[in-house]
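Summary of structural features
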Amino acid sequence: QVAEVSETDPLTLSAWILTQQHKSVGARGRLTVLLNAIGVGCKFVSSAVRRAGLAGMMGMAGSSNVQGEDQKKLDLVANEVFKNSLRRSGQCCILVTEEEDEPIFIEEPFRGDYAVVFDPLDGSSNIDCGVSVGTIFGIYKAKNPGSGKYTLEDVMRPGTEMVAAGYCMYGSMSYMMITTGKGVAGFTLDPTLGEFVITHPNVQVPTRGPIYSINEGNAINWDVATKRYVDECKAGTHNNGKPYSLRYVGSMVADVHRTLLYGGIFMYPADKKNTKGKLRVLYECFPMAMLVEQAGGKATTGTKRSLETMPDSIHDRAPIYLGSKEEVELIEQFKKEAGVP
Ligand code: P6P
């Protein structure tokens, strides 16, 4: 999946975004401006994450977010970076961020026709131990572009209406995976250039993969179908008797990034404790589901296509099983046989 980085054809994220614009008849370049603003935000956050240990940016901020989770200093930095970068792009009407209770309506003269939902620093509980974290984003075009009238209805929509989605993972390197609905491309931040350069021109999730990714600590609360699937992974039932490997980072961006490239399945089911699952519909499930589908994989709540979920609030949650087509279809089959959601 990894392409040789050209020495003579600088296909950066900005250049790639422009090629996507040229494929969209009548596009006026506004999504291009917006996606570039997101790329700049990711570069800023990447720099902050890399310096955190040395710049006294580790540790807690002493506040908590709408989820009741303690906010790390870098959570707040990342949230402010994206709010500013998105507002300054002049292309946004509404922002929804995991770090804030309420949606942010952008006023003139910065207002535009796109609604952006984002988790500025997902997996941040892992920051202090150096585990990969990431930014996740999804973009809707306003229902009435140019009207000057923007409401919550512009973001309370199924994921099928997203026009773009992606994430940036701050790991050994900083990797950006992005889709505008015509496949998935991957980029790697070259710190010597300060540019994301293309390294994965056409990401394809393997149709199956002997890797399952789930928090086994919740096993006692799982439904019977999830339990059956995990037991059969361990028994190698669908792998000629060879047991699957368990890989779980506990940072969604890292677990999904591995799944996109190596195949397998990432699962955060609903259970007796988290009756709607833990992950948020708008800025975790939808962007990751769009990426996985665009890369030839599948994403389900267990009983229906993740992208067809209708969120009932901006911080709504949903169960999610995503990754290789054959693995996800097995879960759906077991759910159906067991008659469980
Ligand atoms: P658990 C991180 O806090 C996060 O929101 C996702 O990045 C990650 O997939 C999940 O929660 C991990 O949750 O319950 O396994 O620690």
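Everything quoted here is computed from the prediction, not taken from an experiment. Within every chain, residues take consecutive numbers counted from 1 along the sequence as written. In keeping with the predicted nature of the model, local features appear solely for residues at pLDDT of at least 70, side-chain atom pairs appear and are counted solely at 80 or more, and the whole-chain, interface and lining totals rest on all residues. Neither water nor hydrogens contribute to the side-chain values; these are computed over all heavy atoms in the structure.

**Some remarks on the site of the ligand**
To be near a molecule or strand, a residue needs just one of its heavy atoms within 4 Å of it. Around the ligand, 13 residues are found, and the nearest of them are Asp-122, Asn-215, Tyr-248, Met-252 and Tyr-268. Polar contacts here mean pairs of N or O atoms no more than 3.5 Å apart (in protein, one a potential hydrogen donor and the other a potential acceptor; neighbouring residues in sequence count only if both atoms are side-chain atoms). At 2.9 Å from an oxygen atom of the ligand is found a side-chain nitrogen or oxygen belonging to Lys-278. Contacts to the ligand include Arg-280, whose side-chain N or O atom sits 3.5 Å from an oxygen atom. In short, Shrake-Rupley with a 1.4 Å probe defines the accessible areas, and a residue's cover is counted only from the protein chains shown. Burial of the ligand by the protein chains amounts to 82% of its free accessible area of 400 Å². Both cavities and pockets are sets of points on a 1 Å grid over the protein atoms alone; in a cavity a 1.4 Å probe fits but cannot get out, in a pocket the set is open with protein on both sides within 12 Å along at least five of seven lines, and lining residues sit with an atom within 4 Å of a point. To be counted as sitting in a cavity or pocket, a molecule needs more than half of its atoms within 2 Å of that site's grid points. Assessed atom by atom at 2 Å from the grid points, the ligand resides in the largest pocket.

**As for the pairing of strand 1 (residues 60-64)**
Paired strands, as defined in this entry, are two strands with at least two bridges between them according to DSSP. Helix numbering and strand numbering both begin at the N terminus, where a helix is a DSSP run of H or I of at least 4 residues and a strand a DSSP run of E of at least 2. Where strand 1 lies against strand 2 (residues 70-72), three bridges are found, and the strand directions are antiparallel. Within strand 2, the position partnered with Ser-63 by the bridge is Gln-71. In this structure, the hairpin formed by strand 1 and strand 2 is closed by a connection of five residues, where Gly-68 is found at a positive phi of approximately 80°.

**Concerning the packing of aromatic side chains**
Between the rings of Phe, Tyr and Trp (Trp by its six-membered ring), a pair exists once the centres lie within 6.5 Å; its type follows the angle of the planes, with under 30 degrees stacked, over 60 edge-to-face, and the other angles tilted. If you walk through the whole model with that rule in mind, you get two aromatic pairs. Judged by centre distance (6.0 Å) and plane angle (50°), the ring pair of Phe-82 and Phe-118 falls under tilted. Taken together, the residues Phe-82 in helix 3 (residues 73-89) and Phe-118 in strand 5 (residues 111-122) connect sequence positions 36 residues apart. Sitting over the face of the ring of Phe-110, Arg-87 holds its NZ or CZ atom 4.9 Å from the ring centroid. Whether a charge lies above a ring is judged from NZ of Lys or CZ of Arg, which has to be within 6 Å of the ring centre and within 35 degrees of the ring normal.

**A word on the UniProt feature "domain: Fructose-1-6-bisphosphatase class 1 C-terminal" (unreviewed entry) in the protein chain**
UniProt positions are given in the numbering used here, feature names are shortened, and annotations may be inferred rather than shown by experiment. UniProt tags residues 205-334 as "domain: Fructose-1-6-bisphosphatase class 1 C-terminal" (unreviewed entry). Secondary structure over residues 205-334 splits into 36% helix and 12% strand, and the C-alpha atoms at its two ends are 22 Å apart.

**Quick look at helix 4 (residues 224-235)**
Spanning twelve residues, helix 4 covers 16 Å between terminal C-alpha atoms, matching the ideal 16 Å at 1.5 Å per step. Listing the buried residues of helix 4 in full gives Ala-225, Thr-226, Tyr-229, Val-230, Glu-232 and Cys-233. Looking straight down helix 4, one finds that the buried residues subtend no more than 160° of arc, so they occupy a single side. For helix 4, the N-terminal capping position is held by Asp-223, with its side-chain oxygen 3.0 Å away from the main-chain nitrogen of Ala-225. Downstream of helix 4 by one or two residues, Gly-236 has phi in the positive range, about 70°. Multiplying one less than the number of residues by 1.5 Å gives the expected span of a helix. Type-normalised accessible area, obtained with a 1.4 Å probe on protein chains alone, sets the label of each residue: buried when under 20%, exposed when over 50%, and partly exposed for intermediate values. Of all possible arcs, the one meant is that of the directions from the helix axis to the C-beta atoms.

**Section: the layout of surface pockets**
Of the voids in this model, the largest pocket is the one considered here, and its volume is about 460 Å³. If you go around the largest pocket, you meet 26 residues; those closest to its centre are Glu-69, Gly-123, Ser-125, Gly-250 and Lys-278. Within the residue set of the lining of the largest pocket, elements represented by two or more residues are strand 2, strand 5, helix 5 (252-262) and strand 13 (265-268). In this classification, Asp, Glu, Lys and Arg are treated as charged, Ala, Val, Leu, Ile, Met, Phe, Trp, Tyr, Cys and Pro as nonpolar, and every other residue, Gly included, as polar. Of the residues contributing to the lining of the largest pocket, the split by class is seven nonpolar, seven polar and twelve charged. Grid points are joined across faces, edges and corners, and a volume is the space filled by probe spheres set on the points.

**Digging into the sheet that holds strand 12 (residues 245-246)**
Strand order in this open sheet of five strands is 12-11-13-15-14, and the pairing throughout is mixed. The strands lining the two open edges of the sheet, one partner per strand, are strand 12 and strand 14 (298-300). Bridge count for strand 11 (residues 211-213) against strand 12 is two bridges, and the pairing is parallel. Directly across from Tyr-212, in strand 12, lies its bridge partner Leu-246. When checking whether two residues touch, look at their non-hydrogen atoms; a contact exists if any pair is within 4.5 Å. Helix axes use the C-alpha atoms of the stretch in contact, all axes being lines fitted to C-alpha atoms, and the angles between their N-to-C directions lie in the range 0 to 180 degrees. Contacts from helix 5 reach strand 11, strand 13 and strand 15 (320-323), with the element oriented near 150° to strand 13.

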